[in-house]
Every structure is written in structure tokens, then in C-alpha cells.
Protein chains: 2
Amino acid sequence: MASRVNRPRAGEALGTRNEATRRHNLSSLLTLVHRADGLSRADLTRATGLNRSTIGALVGDLVDAGLVTEEHPETTGVGRPSPVVQPRRDVVALAVYPDVDAVSLALVALGHRIVARERIELPQSPSPAMVVELAADAVAGWVEEGSPRVVGAGVAVPGLVRAEDGLVVRAPHLEWNDEPLGEELAEALDVPVDVDNDANAGLIAESLYGAGQGVSHLIYLNGSTSGIGGAVGVTGSVLRGADGFAGELGHILADPDGLACHCGRQGCLETEVNLQRLEAAAGGPLDHSRLEESLGSSAAVEDELTRQARVLARGIANVTSAFNPRTVILGGFLGLILDRRGDLIRELVVRHTFAPLADSLTLTRAALVEDQVLIGAGELAFRSLLADPLGE
Amino acid sequence: MASRVNRPRAGEALGTRNEATRRHNLSSLLTLVHRADGLSRADLTRATGLNRSTIGALVGDLVDAGLVTEEHPETTGVGRPSPVVQPRRDVVALAVYPDVDAVSLALVALGHRIVARERIELPQSPSPAMVVELAADAVAGWVEEGSPRVVGAGVAVPGLVRAEDGLVVRAPHLEWNDEPLGEELAEALDVPVDVDNDANAGLIAESLYGAGQGVSHLIYLNGSTSGIGGAVGVTGSVLRGADGFAGELGHILADPDGLACHCGRQGCLETEVNLQRLEAAAGGPLDHSRLEESLGSSAAVEDELTRQARVLARGIANVTSAFNPRTVILGGFLGLILDRRGDLIRELVVRHTFAPLADSLTLTRAALVEDQVLIGAGELAFRSLLADPLGE
DNA sequence: GGACTTATGTTGTGTCTTACAACCTAATCT
DNA sequence: AGATTAGGTTGTAAGACACAACATAAGTCC
């Protein structure tokens, strides 16, 4: 089965008929239940505006399809308790996140909770074939334990991904070029696979369950050893561009006199703002899991923080001018810079931005920290199920 | 009546019912007919995938609503000729475009053709009140002549517009600040008014009827005496951002050592690439309606063209990294620069962009030249009618 | 314990929308 | 003139949701 992302069927007609209505309503219901990890029938009635009897019938269909269950609630509040529609935890998506030093794997259940997880540390960055093998092994193990129904897999890759067919065009830190990871994984697991950029996955998770909840226009900037990943969210979807490469904000121009970047240009945001230069200032390697403590506050570190904060602020100002987001979420070590230089950054962003844009802008640190990439990858994989719960 | 843009009704429910199906199908039909300026019933059947009999009923409703007529076609080809569904030319939108030296007004008919037009030259840039007055007078005159049914007005403003309520937050060249133009015009004309940035209007027109037809991801950059306006189109809609200020591409950073910009920063794209500096190189004022001829090709002009082309190329590379468009459309004097320095620009864009992004990028000159802003403004005004042809 | 509140289940009727099949109409080609 | 090709029209059917009526249930509040 081919990898796929939101692919409209070829020659899809514009016309809508009754079955589309039903599909749409089932999709709304299952999406609500998935996002909230359980919701009463009364809540569903209110949220959709549909009639009680209709909700009853639709929920019945979802139960029959093995996607949700109805549970008696632990009673609270006045009135007859409404049965809670619970997403079934044995309906899962595989989330895969290959990084330089490890491959993270998880099962994300309907209801968006992680129900199984594994992190495999590696002496060197993994090949695509190795990722496929590790993923297949993990799934085999998990299937033996419980009996989850794996409806798809989502892969978050630190690099350029052609989301359309899951081709990893370029992942510099993994040293991958034109790897058809989506197709290979789909073949090995025999489920649909969605591949996307790791920042896109992080954005999706933050936007649904983290610092970006309820915000319709947001930008996510994540700083890791692999550089700076960016993603742009607009009214619930991720800006992908013509080929799926939009939002590569690590490579916007930050300083024309800056250092040469591996992308071939100079002064990219990620050559000027990065962990390596912070480490250099700190005088040695940092413990990435305890970054704040290990960084310390020597004069050299403080100076470097200030320098990076200034460049970062200009970068934020630039993307703000282009996208007019309501919120900019900073993850990884960028969150740390925000913590330590928040006032400076905010002041400079205001100075470098057209006033009305800056007025309504919020800068905030990512909320989900550890899990957002995996949850986002799961979200990718669930998308087609949520769009059409009873299948096609 | 308040100005409005795509405003979802408050508390809108997720649920869909039969009436939504019908609204959707009517909307598809009228939109197809409007875009193509007439289409046979057979074409509509094929495009929507709906049944012949359904199309018949829906078209009947549109005829009854006074939106379209059915005409016998000039026969061509084998087989029974299919009646052509024609948009009615007396269903019109008012298009308004205030600029520094003139106010342009037009009636755009359903079918997207301009059916009446007026350009009022002014000794100085107009006030909002004057724009409202001129628009009201023009409409009154046109209503007397024929008897058009004015379903709305669209205003394209060279400045920052809060599309939500039609507030012109800032239009530097008109010297407007926080002018509630949308509300004032709506009150004067008693029709819904949509206000938007002029570049957004231009993008909409180019995207539907010009150089951007069929392209799902595109960027429009327009250069005029008022500076550089930018707009970003994604799958048929314009990126507006949280407040409607997205796509202000004239103010992305082009050269940190550049001149001071009126926006408070320095080295913005429009301080480095502009008509004034071309005029200075040419040694005197240019005839804007015959720009190419009047610019000439003195050594100073050639050098300045090369300089601006270099900066422009870097700007295009930057927005390409951010948005990953398939096409960048250059309008106004930017189109002229592309004509005269196309090879240089293309070479530099490729050099300054991540390779996979540049590979699929096309640079092209705007096609509609004169009319795109007015047609785009009309399109803004038609949007709510097209979304719900039989009203609410 | 009784009144009240909130909420569900079920059933039948009604409305709306599209699909489909059968039949009718129209223009062009050979 | 008849064949061909295409579209229009009409009546019936099926799917989807709304709504009203009635019965039921489980809790809170006093």
C-alpha cells in the first residue's frame, strides 16, 4: 500500500450527496472524541448541533465499527448521567521518529494517548532500512502483547519530506537523500504510512494538545542538535507548500555576514542560532536532557545567549511579517533562550515588526516537550481514519 | 450592514444536514459558471459528477433566483446541443481601488467581466470620506443607466487591512490610519462590503484568471509607486494570518545595511527595490503608463536594474524558502525587472534556495496588468454570494 | 421522600436531497 | 430518412436528518 497524505482522489467531483453528509458527521464525531479522549453523548449533541436521535445512530455505527465504546460515567453533577463515548485504546497508530542518535517508536491510541513506547539508542545515525526494521520489530512485539489494531503509521523525519508520497528528499543530519521511506515502511507493515517533517509533527501536537490550543495561526520553531525546524499552522492545518517543503524556517536569512550554511547559503538562522555555539561558549559538551542546568551562566554563555537572542528575535520578526501568526511557539533550546532572554527578544521583535502585527503576538515555550513529535506523527497517521471513519 | 469577510457564523455547529448539501452543490455550480463566464449543463454534469436531473433542478433554482439564464448555444459539434448556463450581467459587484493619485471604480458582473468602469484622477490622495462619496455617486449613476443588482462591494487598499471588519489599519501612501472604511462604505451603499489589501486582490485575480491559473501555491509580488505589495495563495485562498496582515512581503529583510524604511526598520525589500531609485538612475520622472520605453537603457539604469535584480532575487529566495510556491508572479515594475534581468534573477534564486524548492519554481510576469486589482476586488465581494447563492 | 433537573431510548412521521431508470426530444451525420 | 449522439423530463426510490411524543433513568436539592 502506498504512503499518502491528504491526497484528494483523482478527478474527485465537486458534487456532494447524502453519503457525504453522513461521512462528514461521523468524521466530526470521531474527531471530537479523539481530541478530547472521551466525550459524553450530551457533549456531542451540543458540539455538532445534531439531533439526539441522529447522534445515537451515528455513535452506534462507530461502536459497530470497533472504534469507540460507550461507558457509564463516574457520576458528577446534576441530572441523569450521559454515557461517555470513549475512543478504543486498541485502535492505534504507529509513530516513528528517527533522529541522529536514536529511533523513537510509539503506539498512539485513538484518544491521542501514547500507550506503548520504545527508544532505541544507536551508535550512529540509522539508515532508512534500519528504521523500517526496528519499526517492524516493535510492532510485532506490541501486537503479540495486546492485540492492537494498527490503522496506520506516521513518521516524523528531521529533513525535507515530500509529504505526497513519503519521499525523504534530504535529511542532512541523517545523511539521507531521496529515500522512499514511506513506501518501504508501508510495504513492511502493510498499513498506510504518512511521512512528514518533524517540525510539522510537533506543530500539529502543540496545536491540538499543547501551547497552541485554540490558536488558529501559529508558528512553531524547534531547536535541536540537528538545527532549527520550523512549521506554520493555519486554521488547523499545516502549511506544506507546493511540494511539502514550506516552513523551512531554519534557513531564512538572519545575518547576511554570517557563517556558511550546509544548505549552500550563508547566515541562515540555524547557522547563527544553534546549540553547538552555545556549547562552545559553555566550554564543553552539554547534557541535552538537563540542558538548563548544564549550560550554567558563565560570562561567555551569557554573551552568547544575548547574541543568539538578538538574531532569533530578528528571525521571529521576519516570519511574523510574512505569516502574521497569533502565537510563536519555541521548542528545544530555543525555549531555553526564550526563558533566559524573553524580555530582550520581545522588545526586539516589537521593534523589528510592523506595529499592528506585533501587538497581537504571543511568544511562548512549547508545552509537550518530550512527546510532541510522536503524538504529532500519530496524528498524521490517524488523519485518514478521522476523515472517513467507516472506510471507503 | 457590517463589512465582512468569510466570517463563520458564531457558534457554528459542526453537523451537516441536507440543506448544507444543497447549498454546497448550488455554490459549486454558480462558482463554476462565474469562473468560466458561462458553461453548458453538460459541462456542469461532468464537473460536479451530479445526476443530470439534479443539475436541472439546481440550475432551475439559480434561474429563479435571478442569478443565471439559460441560452441556446451557437451550435457546434455532433449531438443535441446543451443549453448554456450564463451568469446574469446585471448581477454585479462594485469594485473600488483608491490609490495615491486616483480612485478606480468598476462594476464587475457575475461572470467576472468588468461591465462599467471609471477612473477619477485626483490632485492629491483621497480621504476615506471622499472614496465613499465617489463610490456612492458612481453607483447611483450606474444604477440609473441600467438596473444592475449590486450584491456587494469589494475594496482593494494599498495598505494593512483588518479584513475581518474592513478597518484600514495603516495605508502609508494614502496617509490613512485606523479608518473604518468598510463600515462607512457599507452604510453609504447598504450592501455588504469586503475590504482587503490590493495585493491580495491582485493575487486572487491572477490566480483565477491570469498567470496563476491552476496553480495551487503561488506568490504575487507587485511593485508600484506605493512600494511592494505581496500576497500568498494556497489552494485557492489567500493567506491572511491572524489579523489579515500576512503576506506583507515588501517588508521582509533584504539588506541589513540598507536604507531606513518608513516602517521603522532598515533594508526592507521595498526600500532597496523601488521605482524611485529607478527614476533617479534614469535621471528624471518616468511615464508610468509607458514604463518600459521611458526608462531607457543608460549605463546608470542598467546598473540600477542589476542591483535591484540582485536584491529582488534574494527576496524571492527567502519567500520561496518560507512558502514553497510553485509560481511567483511579478507585477508592476517588478515585472519589468524580470523582463530585463530574468536570467540573472533565476540564477540567483537557484543559488540562494534549497535545491528541491528551486527546481519546481516558475517565475512569471503578471498577465492581467490593468484590471487585476478591480477584478480581484469584485471577487472579494462575490465570495459570500458564491458560497451561498440563495442567501441565508 | 418528593420535586426538580438533566439526559437517554425508541418510534413513527415528515422533509429534503440526490439517484436512477424509462421515456422523450433535438441536432448533426451518412 | 434513419442512425447516432447527446441531453431533458418525470416519477419512483433510497438515504439522511429533524422533530415530537412518550417512557425511562439517575442524580441533586430541600
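Heads up: these notes are all about the structure in this document.

What counts as what
- Residues numbered from 1 in each chain as written.
- Chains lettered and ligands numbered in written order.
- Predicted model: local features only at pLDDT ≥ 70, side-chain atom pairs only at ≥ 80, totals over all residues.
- Heavy atoms only, no water.
- Salt bridge = Lys/Arg side-chain N within 4 Å of Asp/Glu carboxyl O.
- Helix = DSSP H or I, 4+ residues; strand = E, 2+ residues; numbered from the N terminus.
- Buried < 20%, exposed > 50% of the residue type's maximum accessible area, 1.4 Å probe, protein only.
- Core = buried A, V, L, I, M, F, W, Y, C linked by side-chain atoms within 4.5 Å.
- Contact = heavy atoms within 4.5 Å.
- Least-squares fit on C-alpha atoms with pLDDT ≥ 70 in both.
- Buried area = accessible area lost by both parts, 1.4 Å probe.
- Polar contact = N/O pair within 3.5 Å; in protein donor to acceptor, adjacent residues only side chain to side chain.
- Nonpolar A, V, L, I, M, F, W, Y, C, P; charged D, E, K, R; others polar.

**Regarding the pattern of salt bridges**
All names here are of chain A.
Phase 1: Evaluated as defined, the whole model comprises 42 salt bridges over all chains.
Phase 2: Residue R383 pairs with D194 through a salt bridge whose shortest N-O separation is 3.9 Å. Of the two residues, R383 sits in helix α13 (residues 372-387) while D194 sits in strand β11 (residues 193-197), which places them 189 residues apart along the sequence.
Phase 3: Assessed through its relative accessible area of 5%, D194 is described here as buried.
Phase 4: Between R307 and E272 there is a salt bridge, and its shortest N-O distance comes to 3.7 Å. Of this pair, R307 sits in helix α10 (residues 299-323) while E272 sits in helix α7 (residues 269-272), placing them 35 residues apart in sequence.
Phase 5: A single salt-bridge network, built from bridges that share partners, covers E272, R277, E304 and R307.

**Quick notes on the nonpolar core**
Phase 1: Membership of the largest hydrophobic core comes to 80 residues, with the highest contact counts inside it found for A:F323, A:I345, B:F323 and B:I345.
Phase 2: Ignoring any residue separated from it by four or fewer positions in sequence, one finds B:I345 in contact with B:A309, B:L312, B:A313, B:I316, B:I337, B:L338 and B:L363.
Phase 3: Membership of the second largest hydrophobic core comes to 35 residues, among which are B:V68, B:V85, B:Y97 and B:A106.

**Looking at the relation of the copies chain B and chain A**
Phase 1: Taken as rigid bodies, chain B and chain A are interconverted by a rotation of 180 degrees and an axial shift of 0.1 Å, the fit giving an RMSD of 0.1 Å. What we have between these two chains is a two-fold relation.
Phase 2: Mapped onto chain A, 100% of the interface residues of chain B are again interface residues, and the two copies thus contact each other with one and the same surface.

**Details of the interface of chain B and chain A**
Phase 1: On the side of chain A, 52 residues touch chain B, which itself brings 52 residues to the contact.
Phase 2: Overall, the association of chain B and chain A removes approximately 4400 Å² of surface from exposure, summing both partners, and the carbon and sulfur fraction of that is 58%.
Phase 3: At the junction of chain B with chain A, the criterion picks out two salt bridges.
Phase 4: For A:R326, the salt bridge is made with B:D243, and the minimal N-O distance between the two is 3.1 Å.
Phase 5: There are 17 residue pairs in polar contact (both at pLDDT 80 or more) connecting chain B and chain A.
Phase 6: Breaking the side of chain B that touches chain A down by element, the ones donating at least two residues are α1 (18-36), α2 (41-48), α10 (299-323), α11 (333-352) and α12 (355-359) of chain B.
Phase 7: Ranked by the residues each element gives to the side of chain B that touches chain A, the list is headed by α1(B), at six residues.
Phase 8: Tallied by class, the residues present in the side of chain B that touches chain A amount to 23 nonpolar, 20 polar and nine charged.

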